[in-house]
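Commentary on secondary and tertiary structure
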Amino acid sequence: MQGVVGGGAGAVSGGGGSSTSGASISTVSNEDNLVLSSEDSSSCLDESELELGLGLSLGVGMGACKAQQGLRGGQYARILTAKDFPYVGSSASVSSSSSSSSSSSSSSLSRANVTAGTKRSADSAAAANGASQVVGWPPIRAYRMNSLVNQAKLPATEVFNSLIVKSRKSNPAVGKGTSNACVNAKEKGQLRSSLFVKVNMDGIPIGRKVDLSSHRCYETLAQKLEDMFATSSTIMNSIRGEEHDMMVEATRPSKLLDGSSGFVLTYEDKEGDWMLVGDVPWGMFINSVRRLRIMRASEANGLAPRSEESNGGQRMKPI
Amino acid sequence: MDPERKKVVEHVAVSTFPDEVLERVLVQLKSHKDRSSVSLVCHSWYDAERFSRTHVFIANCYSVTPEIVSRRFPNIRSVSLKGKPRFSDFNLVPPNWGANIRSWLVMFAAKYPFLEELRLKRMTVTDESLEFLALSFPNFKALSLLSCDGFSTDGLAAIATHCKNLAELDIQENDLNDKSGSWLSCFPENFSSLEVLNFANLSNDVNFEALERLVSRCKSLKVLKVNRNITLEQLPRLLIRAPLLTELGTGSFLQEHPACQYSELENAFNKCMNLNTLSGLSEVTALSLPALYPACANLTFMNLSCAALQSGELAKLLVHCPCLRRLWVLDTVEDKGLEAVGSNCPLLEELRVFPTDPFDEDTFHGVTESGFIAVSYGCRRLSYVLYFCRQMTNAAVATIVQNCPDFTHFRLCIMNPWQPDYQTNEPMDEAFCAVVKSCTKLQRLAVSGLLTDLTFEYIGKYAKNLETLSVAFAGSSDWGMQCVLGGCPKLRKLEIRDCPFGNAALLSGLDKYESMRSLWMSDCKVTMNGCRVLAKEMPRLNVEVIKVDGSNESQADKVYVYRSVAGPRTDAPPFVLTL
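The present account deals with the structure reproduced in this document. (Residues numbered from 1 in each chain as written. Chains lettered and ligands numbered in written order. Predicted model: local features only at pLDDT ≥ 70, side-chain atom pairs only at ≥ 80, totals over all residues. Heavy atoms only, no water.)

This part takes up the overall build of chain B. Counting its regular elements, chain B contains 20 helices and 23 strands. At 25 Å, chain B has a C-alpha radius of gyration in line with the 25 Å of a compact globule built from 579 residues. The principal-axis extents of the C-alpha atoms in chain B amount to approximately 75 × 65 × 60 Å. Every one of the 579 residues in chain B was classed for burial, and the buried ones make up 61%. In chain B, of all internal contacts separated by at least 6 residues, the share reaching a separation of at least 24 is 69%. For chain B, the accessible area works out to roughly 21800 Å², and carbon and sulfur atoms hold 52% of it. Averaging the locations of the 60 positively and 66 negatively charged side chains of chain B gives two centres separated by 7 Å. (Helix = DSSP H or I, 4+ residues; strand = E, 2+ residues; numbered from the N terminus. Rg over C-alpha atoms; globule rule 2.2 N^0.38 Å. Buried < 20%, exposed > 50% of the residue type's maximum accessible area, 1.4 Å probe, protein only. Contact = heavy atoms within 4.5 Å. Areas by Shrake-Rupley, 256 points an atom, 1.4 Å probe, with all protein chains shown as cover. Lys, Arg positive; Asp, Glu negative; His and termini not counted. Charge placed at Lys NZ, Arg CZ, Asp CG, Glu CD.)

Printed below as a string of structure tokens:
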């Protein structure tokens, strides 16, 4: 048979980092492209949870994951094999194409440095993300990839030296205010209007992203997060108790911040430490936050303790 | 042809109908398809047409030689040339593959000294070639380079320095060596003929004062697209000097300084009465965006694909753009933003939604099928869509094409390969069945998701007007490709990657390929032997195989087949094997 895939196919890593703490990242081993090991992950699942339907790293898992949502009642992750996808006869050819493509892309990557071209950066962006190594997929032209890389990927820390928040009188910020930042040193390519950071919630495999620059205080941020995750799991409903009220006013204290929900909001700072959100001035927070995590209160023991407050609510006022 | 009409033509041929008159008439014909038809009528019409043609469009630079072109068309003033296969945009073609403009330029210099316009797509152009161009054609007016490579900003400097009558300089999306922005300062101080200037994709700073003076001098400037280094504070200074602007590409739209300069911006946009196209807007915020509103009344095309807008911001903006026909956005607008599109843009004909984070699979973001459905309910005239998403259902697509049966271009990219319908877990076959059945005018189709041969059966059976088909990670067997090649009477370009189609599929199209422009198959199951058979049976096709390092010897990694009157390539690099 022609075009047979050998065992030495290029390894394709599973989609990014897993969101739940401790869950192992599934990787496609060289030997076995179709079957993923998920022994460790099942122990981290809650019963009321979405099934972690891990499939082929190249995204088939997404479809399987959602489909498995229907199978409730204590079932946990099932290893998906080729039998689940009778149509995927060509999956074998992917690995061979990946290996041949990655060898061609690696050689072209090195050549790219010499020619100072920008075309290859699309694949290096993919490689840097640890994403699948399929060359030229999704089909987005290199110049567009470059402009995305400029826009989206800068960590929050490098942007703001001193944060001054302005708002126009004729454009009153409604609800979600937009902050406009002035920096002292104007650095080309580093001035950004949006500050997207990843947010993961314990027990939910799919994370979200939130634009920190559209908030000016912890309260609105927490409410935004509550809204985001309320639509995707039953856990958030337990936070809200009887009130399944999507219209959250700005003045209501957030359950995420006052610790009354069983979850706490934490963030990873630029040193890699996990801190409780709400302890430092907003500007300082923006300056050091790398990503957010809504952590189970039971796991939040080792975190930097917050100072005692009589009302238990957030103590930072909008700047 | 019915007997009546035939008589009329014969009558005309018998009477003396001076060629000069015929040529005068034919000069009015612009469409190259019409001209091709005209040239086939009879010998005298063929001659009349070829003498009267001033613009030639060569869709594949290797399908014909410069000599043949210059022999047939002696009076050309404007040339459009396309080179590499389209998948080279996605790094599927190794560098130094070919499509070098050099040999064409040499011919042009000899045969078309009065050449005015050159539009190149996916060609390799060196700085030497650009300098040669600048020095060889005194009447040269328009240069457009799209998705080309091989040159640097030094070449642009040569153009700016020497082309005294330049009216158009359009440098888009090229893989160039961007050394500096000094090329802009090479336009002489008395140079004033520019009407179109697009340097939006260049990354180095140009001298702003030089740009300002240039814009001032060029009183006929209609199109100005600057790069993101031009700030929001600098923009008004350009706008007030270009009152005739119909197409504007801004630089950065980030407002760095307090509100006092906002009024300058507002005033400048208030005066932009003639804008029909707007692009750029990188780093735009909710604060700076409203300055645009006064200029949006007549906008028909808005390209927001560099502006990470949120749904609310887009909604507010669209209220001011009632005439919008074409809209490009990033998927930061999400489904809610697309709902706003559906609500505010009844005249919309084209929508493109680009992904912000194509490689991040474990974070929810972007658009889903709901956004697309929302647009389809509000924008019934939609005929062109390019949609990047992570999830789709068959039912959604069926609804969409029911709402919008006029699609001519349907390009759906479900970004995870082999992704089934996420609700039913079935293949996406029925989605594309709905597309080809409902959209009888469909010319271009790109498929994605988990697809079996059934999809291609449907395409072959129903897509009677299909000209371009792009396939990736799809199909189950040779039968799929055979269906397409056996149906689809108007198929011109077929590009396939990573599909289980092999020699049987390849060879089933023997009779078809000469009526097509080209076929591309990469990482499929075609072998060298299969390609050799094809090459042997069809001598007027160029059958080229690109060999990739470290691959199996008998495998034909990347196959490119195209019709040509030029014979096999004489400039093929070692990794391109002509069979």
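Turning to the overall build of chain A, a few remarks are in order. Each helix and strand in chain A was counted, giving 9 helices and 7 strands. The burial tally for chain A puts 45% of its 319 residues in the buried class. When contacts within chain A are restricted to residue pairs at least 6 apart in sequence, long-range pairs at least 24 apart make up 59% of them. Approximately 14900 Å² of chain A is accessible, and the part contributed by carbon and sulfur atoms is 53%.

Across soluble globular proteins, nonpolar side chains show a tendency to be buried alongside one another. Membership of the largest hydrophobic core comes to 182 residues, with the highest contact counts inside it found for B:Trp183, B:Leu211, B:Phe407, B:Phe410, B:Leu445 and B:Ile459. When residues in this core are grouped by element, the largest group, 6 residues, is from helix H16 (residues 429-438) of chain B. Excluding residues within four positions of it along the chain, B:Phe410 makes contact with B:Phe372, B:Val385, B:Val397, B:Val401, B:Phe432, B:Val435, B:Leu442, B:Arg444, B:Leu445 and B:Ala446. By size, the runner-up hydrophobic cluster in this structure holds 25 residues, among which are A:Met201, A:Val277, A:Ile286 and A:Leu292. (Core = buried A, V, L, I, M, F, W, Y, C linked by side-chain atoms within 4.5 Å.)

All names here are of chain B. Looking at the element boundaries, Tyr-46 is found in helix H4 (residues 43-52). Residues Tyr-46 and Ser-36, 10 residues apart in the sequence, show an inter-C-alpha distance of 8.8 Å. When neighbours within four sequence positions are excluded, Tyr-46 is seen to be in contact with Ser-39 and Arg-72.

Right, let's talk about the pairing of strand E4 (residues 142-146) of chain B for a bit. A regular strand carries its side chains on alternate faces of the sheet. Residue and element names in this part refer to chain B. Most of E4 sits out of view: 5 of its 5 residues are buried. Here E4 shows two buried faces, one formed by Ala-142, Ser-144 and Leu-146 and the other by Leu-143 and Leu-145. Across 5 bridges, strand E3 (residues 117-121) lies against E4 in parallel orientation. Within E4, the residue paired with Glu-117 across the bridge is Ala-142. For the crossover that starts at E3, traverses helix H7 (residues 127-136) and ends in the parallel E4, the hand is right-handed. For E4 and strand E6 (residues 168-172), the ladder comprises 5 bridges, and the chain directions are parallel. In the sheet register, Leu-143 faces E6, and the bridge partner there is Leu-169. (Pairing = 2+ DSSP bridges. Right-handed = clockwise from strand over helix to strand, strands pointing away.)

The next subject is the sheet that holds strand E4 (residues 208-211) of chain A. Residue and element names in this part refer to chain A. The strand order across the open sheet formed by 5 strands is E4-E3-E7-E5-E6, and the pairing between neighbours is mixed. Looking at the sheet topology across the chains shown, the edges are occupied by E4 and strand E6 (274-276). Averaged over all pairs of adjacent strands, the angle between their axes in this sheet comes to 35 degrees, without regard to strand direction. Sheet analysis places strand E5 (residues 263-269) next to strand E7 (residues 289-296), joined by 7 bridges and oriented antiparallel. The residue of E7 that forms the bridge with Leu-265 is Ile-294. Relative to E4, helix H6 (residues 218-230) is tilted by about 150 degrees, and along the sheet it contacts strand E3 (196-201), E4, E5 and E7. (Axes fitted to C-alpha atoms, helices over the stretch in contact; angles between N-to-C directions.)

Three or more residues of helix H17 (residues 453-462) of chain B are buried, namely B:Asp453, B:Thr455, B:Phe456, B:Tyr458, B:Ile459 and B:Gly460. Looking at the packing, one finds that the buried side of H17(B) touches H16, strand E17 (444-446), strand E18 (468-472) and helix H18 (478-486) of chain B.

With that settled, consider the packing of aromatic side chains. Residue and element names in this part refer to chain B. For the structure on display, the rule yields 25 aromatic pairs over all chains. Here the aromatic rings of Phe-253 and Phe-269 are separated by 6.2 Å at their centres, their planes lie at 50 degrees, and the arrangement is tilted. Of this pair, Phe-253 sits in the loop between strand E10 (247-249) and helix H11 (262-270) while Phe-269 sits in helix H11, and the two are 16 residues apart along the sequence. Residue classification places Phe-253 among the buried residues on the basis of a relative accessible area of 0%. Look at Phe-269 and you get buried, because its relative accessible area is 0%. Members of the aromatic cluster, connected to one another through ring pairs, are Tyr-62, Phe-87, Phe-90, Trp-97, Trp-520, Tyr-560 and Tyr-562. (Phe/Tyr/Trp six-rings, centres within 6.5 Å; stacked < 30°, edge-to-face > 60°.)

Here the focus is the pattern of salt bridges. On inspection of all chains with the given rule, the structure shows 36 salt bridges over all chains. Where B:Arg237 meets B:Glu212, a salt bridge forms, and the shortest distance between an N and an O atom there is 3.0 Å. Here B:Arg237, found in helix H10 (residues 235-239), pairs with B:Glu212, found in helix H9 (residues 208-217); they are 25 residues apart in sequence, far enough to count as distant. By relative accessible area, which is 10% here, B:Glu212 ends up buried. Three or more residues joined by partner-sharing salt bridges are found here, namely A:Arg141, B:Asp89, B:Arg122 and B:Glu173. (Salt bridge = Lys/Arg side-chain N within 4 Å of Asp/Glu carboxyl O.)

Let's shift gears to H4(B). The complete set of buried residues in H4(B) reads B:Ala48, B:Glu49, B:Arg50 and B:Ser52. Contacts from the buried residues of H4(B) go to helix H2 (19-27), helix H3 (32-39) and helix H5 (66-72) of chain B.

This brings us to the packing of H17(B) against H18(B). All names here are of chain B. In the contact formed by H17 and H18, the axes pass within 7 Å of each other and the chain directions differ by 10 degrees. Considering their axes alone, H17 and H18 lie roughly parallel with respect to each other. In this structure, H17 contributes Asp-453, Phe-456, Glu-457, Ile-459 and Gly-460 to the contact, and H18 contributes Trp-479, Gly-480, Cys-483 and Val-484. Here the residues of the contact of H17 with H18 are counted per class, giving 5 nonpolar, 2 polar and 2 charged. (Parallel < 35°, antiparallel > 145°, perpendicular 65-115°, else oblique. Nonpolar A, V, L, I, M, F, W, Y, C, P; charged D, E, K, R; others polar.)

Over the atoms a probe the size of a water molecule is rolled, and this reveals where empty space is left. Residue and element names in this part refer to chain B. According to the stated counting rule, one finds 13 cavities of 30 Å³ or more in the structure shown. Space inside the second largest cavity adds up to approximately 190 Å³. Of all elements in the fold, only strand E19 (493-497) and strand E20 (518-522) reach the threshold of two or more residues within the lining of the second largest cavity. Of the residues in the lining of the second largest cavity, the class split is 7 nonpolar, 3 polar and 7 charged. (1 Å grid on protein atoms, 1.4 Å probe; cavity = no way out; pocket = protein on both sides within 12 Å on 5 of 7 lines; lining within 4 Å. Points joined across faces, edges and corners; volume = space filled by probe spheres on them.)

Further remarks concern unusual backbone geometry. At the junction of A:Trp137 and A:Pro138, the peptide bond is cis and its omega measures out at -5 degrees in the coordinates. For B:Asn91, which is not glycine, the phi dihedral falls at a positive 65 degrees. Relative to the helices and strands, B:Asn91 resides in the loop between strand E2 (78-82) and helix H6 (102-111). One non-glycine residue with positive phi stands out, namely B:Ala99, at about 60 degrees. Among the structural elements, B:Ala99 can be located in the loop between E2 and H6.

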